[in-house]
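If you want the building blocks of each chain, they are given just below.
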Amino acid sequence: MTATRVLVLNSGSSSVKYQLLEMTDESRLAAGLVERIGERQSRLTHTPLATGGERRERVEEFADHEAALRAAAEELEADGLGLDAPELAAIGHRVVHGGRSFTRPTLVDDDVLAEIRRLVPVAPLHNPANLTGITTAQVLNPGLPQVAVFDTTFHTTMPEHAARYAIDVETADAHRVRRYGFHGTSHAYVSRRTAELLGADPADVNVIVLHLGNGASVSAVRGGRCVDTSMGLTPLEGLVMGTRSGDVDPAVVFHLVRVAGMTVDEVDELLNKRSGLVGLCGDNDMREIRRRIEEGDERARLAFDIYIHRIRKYIGAYCAVLGRVDAVAFTAGVGENSPPVREAALAGLEGLGLAVDPAANAAEGPAAEGPRLISPRGARVAAAVVPTDEELEIAHQTYALVTGADAHRTA
Ligand SMILES: Nc1ncnc2c1ncn2[C@@H]1O[C@H](COP(=O)(O)OP(=O)(O)O)[C@@H](O)[C@H]1O
Ligand SMILES: CC(=O)OP(=O)(O)O
Ligand SMILES: [Mg+2]
């Protein structure tokens, strides 16, 4: 029997998303999510898509990522899709930080694991979870190929003038301090799909991709290659995010340590977990923030305005970086689902050739599924909503590596 299936694991700081894909037709056989890992009431939801069965839910304590993955494996097993099924060709893992070591998807061995572990200090919320995903899967099926697909890979094409910080070169190099960028799998996939939406070859298209999820980043993509992105040494730089501050004057850190008496770890926690939208208004879910704004809540309004202002600054900056922009693409949880964010991000930018068609932007139901344009006919720069699919992209990369096939093109 030929093994044509790939299991994809996307382990986040407190959640694991997984999907089992049949690569011959790109169908999804099962999908699931374990949330609130480490809390008393973790929740697993599992949808057995192959059988058309009912969605199942388990609310219980999953103390860590290993427990969460074992539970996910049990659910797959219950559908006859366990990790020892002969149809399974490999497991593809999202790994957030690959430093400069990994410029392509990589088959995991002990050296690869050691390198991912070495990078934990620059992705403390993400790489430990990714490592646990790999080591747990290795225990569950020791013979199965495990492939690491890195968030940083797509950004390794950034030129030195975009990737370097203007700090002493020897110090920076000694400690590998530079801009790496993240969400690369999403930026790669969405920029390619945007070119397809325009009916153009990705090599001929310049795109600004706005990945607006809980973590958020923007990239400037010229002819299919990343030339700049907003995240840096770690996923903290750039846009205002759900709980992360994005750009601040680095002296804020010295000030809080010297004047407020905080420890470096406390400042780290402040900027990563108690800042961004949650720090500004107490909520990080854009739906809730919009609801509060409708009720006249001033703190929610200001948080929204700060969030949008930062996005607009990056759009302007990346117009200058690219020189010619063909499209601005919105993706991820907020980018795909929030018409007010898209409208506010592009309002008044006609001078840059950007505009939003209100009806297309607000469309709901079947008209709002899949990649679509939201700019008016004849706009100089296309504005688009292009749903990301990190899992499909990771599955492609993984399958290509283990079968020796070409990873693309996707549908
Ligand atoms: N219908 C919606 N309207 C507005 N925002 C939404 C909607 N659905 C999801 N979101 C936003 O998307 C975020 C999650 O985005 P997602 O890309 O799934 O993030 P992550 O992968 O980082 O967990 C939520 O926190 C919420 O702010
Ligand atoms: C790198 C990063 O920020 O990832 P996420 O959005 O999944 O937190
Ligand atoms: Mg995400």
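All figures in this text were calculated on a predicted structure; none of them were measured in a lab.

## Notes on the site of ligand 1
Taken together, 13 residues lie near ligand 1, and Lys17, Asn214, Met286, Gly333 and Asn337 sit nearest. A distance of 3.2 Å separates an oxygen atom of ligand 1 from a polar backbone atom of asparagine 214. Taking arginine 287, its side chain carries an N or O atom lying 3.4 Å from a nitrogen atom of ligand 1. Within the complex, 69% of the 580 Å² of free accessible area of ligand 1 lies under protein. Counting residues per element, the ones that place at least two in the shell around ligand 1 are α10 (286-294) and α12 (332-337).

## Looking at the sheet that holds strand β12 (residues 327-331)
Taken together, the six strands give an open sheet; going across it, the order is β11-β10-β9-β12-β14-β13, and neighbouring strands pair in mixed fashion. Each edge of the open sheet is held by one strand with a lone partner, namely β11 (225-229) and β13 (372-373). In this structure, strand β9 (residues 206-212) lies alongside strand β10 (residues 216-222), joined through seven bridges in antiparallel fashion. Following the sheet pairing, leucine 212 is matched in β10 by alanine 216. Along the sheet, helix α11 (residues 298-322) contacts β9, β10 and β11; its crossing angle with β9, the most-contacted strand, is approximately 160 degrees. The sheet contacts of helix α13 (residues 339-346) involve β9, β12, β13 and β14 (382-385), and relative to β12 the element is tilted by about 150 degrees.

## Description of the pattern of salt bridges
Tallied over the entire structure, the rule returns 30 salt bridges. The salt bridge partner of arginine 58 is glutamate 60, with a shortest N-O separation of 3.0 Å. The salt bridge involving arginine 324 is made with aspartate 326; its shortest N-O contact spans 2.6 Å. Classification of arginine 324 by relative accessible area gives partly exposed; the value is 43%. Each of Arg56, Arg58, Glu60, Glu74, Glu75 and Asp79 takes part in a single network of salt bridges with overlapping partners.

## Digging into the packing of α10 against α11
Where α10 meets α11, the closest approach of the two axes is 8 Å, and the angle between their N-to-C directions is 125 degrees. On the basis of their axis angle, the class for α10 and α11 is oblique. Where α10 crosses over α11, the handedness of that crossing is left-handed. Contacts from Met286, Ile289, Arg290, Arg292 and Ile293 in α10 reach Arg299, Ala300, Arg301, Phe304 and Tyr307 in α11. Residues of the contact of α10 with α11, tallied by class, amount to six nonpolar, no polar and four charged.

## Comments concerning the pairing of strand β1 (residues 5-11)
Of all seven residues in β1, seven are buried; the element is thus mostly enclosed. Side chains Arg5, Leu7, Leu9 and Ser11 of β1 all project onto a buried face; the interleaved residues Val6, Val8 and Asn10 project onto the opposite face, where all are buried too. Here β1 pairs with strand β2 (residues 16-22) via seven bridges, running antiparallel. The partner of serine 11 across the bridge, within β2, is valine 16.

## What to know about the sheet that holds strand β3 (residues 27-35)
If you trace the eight strands from one edge of the open sheet to the other, you get β5-β4-β3-β2-β1-β6-β8-β7, paired in mixed fashion. In this open sheet, the two strands that pair with only one neighbour each are β5 (56-60) and β7 (106-107). In this sheet, β5 lies alongside strand β4 (residues 42-47) in antiparallel orientation, the contact comprising five bridges. Across the sheet, the residue bridging to serine 42 is glutamate 60, located in β5. Contacting β1, β2, β3, β4 and β5, helix α1 (residues 65-78) runs over the sheet at an angle of about 30 degrees to β2.

## With respect to the site of ligand 2
Around ligand 2, the neighbouring residues are Arg94, Val96, His126, Asp151, Phe182, His183, Gly215, Met231, Pro235 and Arg244. At a separation of 3.0 Å, an oxygen atom of ligand 2 approaches a polar side-chain atom of arginine 94. One of the side-chain nitrogen or oxygen atoms of histidine 126 is found 2.9 Å away from an oxygen atom of ligand 2. Here ligand 2, which alone exposes 260 Å², has 83% of that area covered by the protein. Each residue belonging to the shell around ligand 2 can be placed in one class, and the counts come to four nonpolar, three polar and three charged.

## Some points on the UniProt feature "binding site: Mg(2+)" (unreviewed entry) in the chain
Mapped onto the present numbering, the UniProt feature "binding site: Mg(2+)" (unreviewed entry) falls on Asn10 and Glu390. These annotated residues cover 381 residues of sequence, and their C-alpha atoms all fall within 8.6 Å of one another, placing them together at a single site. Under the relative-accessibility criterion, asparagine 10 is labelled buried at 6%. Sequence-distant contacts of asparagine 10, that is, excluding residues within four places in its chain, are made with Ser15, Val16, Lys17, Arg94, Glu390 and Glu391. Reaching out from asparagine 10, the side chain makes a polar contact with the side chain of arginine 94 at a distance of 3.3 Å. Considering the arrangement of structural elements, one finds glutamate 390 in helix α15 (residues 390-403).

## What to know about α10
For α10, the set of buried residues is Met286, Ile289, Arg290, Arg292 and Ile293. Taken around the axis of α10, the buried residues stretch over an arc of 160 degrees, which confines them to a single face. Residues of α10 that are exposed and angled more than 90 degrees away from the buried face: Arg287 and Glu294. The elements touched by buried residues of α10 are α9 (276-281), α11, α12 and α13. The first or second residue beyond α10 is glycine 296, which carries a positive phi of 90 degrees.

Reading the values: the criteria
Position labels on residues start from 1 in each chain and follow its written sequence. All chains are assigned letters beginning at A, and all ligands numbers beginning at 1, according to the order in which they are written. Where local features are concerned, this predicted model is filtered to residues with pLDDT of at least 70; where side-chain atom pairs are given and counted, the filter is 80 or more; whole-chain, interface and lining totals use all residues. Side-chain descriptors were evaluated using all non-hydrogen atoms of the structure, hydrogens and water having been removed beforehand. Being near a molecule or strand, for a residue, means having at least one of its heavy atoms within 4 Å of it. In the analysis that follows, any N or O atom pair within 3.5 Å is treated as a polar contact, provided that within protein one partner can donate a hydrogen and the other can accept it, and provided that, for residues neighboring in sequence, both atoms belong to side chains. Every accessible area reported is derived by Shrake-Rupley at a probe size of 1.4 Å, with residue values counting cover from the shown protein chains alone. The numbering of helices and of strands both runs from the N terminus, where a helix is a DSSP run of H or I of at least 4 residues and a strand a run of E of at least 2. The pairing criterion is simple: DSSP has to find at least two bridges between the two strands. Contacts between residues were defined by any pair of non-hydrogen atoms, one from each residue, lying within 4.5 Å. For helices, the axis comes from a line fit to the C-alpha atoms of the stretch in contact; other axes are also lines fit to C-alpha atoms, and the angle between any two N-to-C directions lies between 0 and 180 degrees. The rule for a salt bridge is simple: a side-chain nitrogen of Lys or Arg has to be within 4 Å of a carboxyl oxygen of Asp or Glu. Per-residue accessibility, obtained with a 1.4 Å probe over protein chains only, is compared with the maximum for each type, and a residue is labelled buried under 20%, exposed over 50%, and partly exposed between these values. Note that the term roughly parallel is reserved for angles under 35 degrees, roughly antiparallel for angles over 145, roughly perpendicular for angles of 65 to 115, and oblique for everything else. In this scheme, a crossing is called left-handed if the near helix is turned counterclockwise away from the far one by less than a right angle; it is called right-handed if the turn is clockwise. Residue polarity is assigned by list, with Asp, Glu, Lys and Arg as charged and Ala, Val, Leu, Ile, Met, Phe, Trp, Tyr, Cys and Pro as nonpolar; anything else, Gly included, falls into the polar class. UniProt positions are given in the numbering used here, feature names are shortened, and annotations may be inferred rather than shown by experiment. Summarising the geometry, the arc corresponds to the directions from the helix axis toward the C-beta atoms.

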